[in-house]
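So you can see what is in the structure, the chains are spelled out below.
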Amino acid sequence: MTTRAPRRDAVENRAGILEAARSALSVDPYASVDVIARSAGLSRRTLYGHFDDREALIRELISTGAQRFNAIAESVTDADARLALARLTARLWHEAAHVQVAAALALDEAHVQHTADALAPLRRTVAALVRRGQDDGSFRSDLAAPTLARLIEEIARTVISRTDAASTGAANLAVRAVLSIAGLSWREADELLAAHPDIVTGPTEAPA
């Protein structure tokens, strides 16, 4: 049996709903389905033709954001674990700033398991970086690798949820916070970022 491709208008409607949801939720994290549908210029019935309920819509926002985050993780290839972690943090930060609503939703306790599943590739990348940095002496070794990787994730979570993405130096702050948790002193972070200013100077295009 051949599966028919979605009609073009259906694809456009779905994309429009997701974009409207991002916009509506950026104003009100508790925006209703009715508000989101109106923002998309569609009826509530049309929205329910694409998503079973509000939770399904939020899960889709998380999944699409996670796909981009996972692709970024694959794009970081620095051999130096310190550089790789700094670059990964900066690229993820710029992407989180671009889709901060989806990032915030992903960090919501109500969506922990879905987020964990969606971001599994990214988490594996961070865990591997931590082990590599501990093995070569770049990162602190007083904590087990899984614990340190979790702490890095938690500090990133805090920065995303409590920092204005549009503020000057936000990416720099995110990178320094993560490097500090990994075990670098502020002087070591200064030296690393001074030698590689491209890491935090501006957004990096995410892989297609």
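Residues numbered from 1 in each chain as written. Predicted model: local features only at pLDDT ≥ 70, side-chain atom pairs only at ≥ 80, totals over all residues. Heavy atoms only, no water.

A. Focus on the overall build of the protein. Helices and strands together make up the secondary structure of the protein, namely 11 helices and 0 strands. When the helices and strands of the protein are listed from N to C terminus, the series reads α-α-α-α-α-α-α-α-α-α-α. When the 208 residues of the protein are sorted by exposure, 40% land in the buried category. Residue pairs at least 24 apart in sequence account for 65% of intrachain contacts in the protein once pairs closer than 6 positions are excluded. (Helix = DSSP H or I, 4+ residues; strand = E, 2+ residues; numbered from the N terminus. Buried < 20%, exposed > 50% of the residue type's maximum accessible area, 1.4 Å probe, protein only. Contact = heavy atoms within 4.5 Å.)

B. Local environment of the confidence of the model for the protein. For the protein, mean pLDDT is 85; residues scoring 70 or higher make up 86% of the total. Under a pLDDT of 50 for its full length, residues 203-208 has, in the predicted model, 9 contacts with residues more than four places off or in other chains. (pLDDT = per-residue confidence, 0-100.)

C. Examining the nonpolar core more closely. Residues Leu 85, Leu 88, Leu 122, Ile 152 and Leu 179 are the most contacted members of the largest nonpolar core, which totals 41 residues. If you tally residues by element for this core, the top one is helix α5 (residues 81-98), at 10 residues. By size, the runner-up hydrophobic cluster in this structure holds 14 residues, among which are Ala 24, Val 33, Leu 47 and Ala 56. (Core = buried A, V, L, I, M, F, W, Y, C linked by side-chain atoms within 4.5 Å.)

D. Highlighting helix α9 (residues 145-162). For α9, built from 18 residues, the straight-helix expectation of 26 Å at 1.5 Å per residue is met to within 8% by its first-to-last C-alpha distance of 26 Å. Looking at α9, one finds that the buried residues are Ala 145, Leu 148, Ala 149, Ile 152, Val 159 and Ile 160. Buried residues of α9 fall within an arc of 115 degrees about the axis and therefore sit on the same side. In α9, those exposed residues whose orientation departs by more than 90 degrees from the buried face are Pro 146, Ser 161 and Arg 162. (Expected span 1.5 Å × (residues − 1). Arc of directions from axis to C-beta.)

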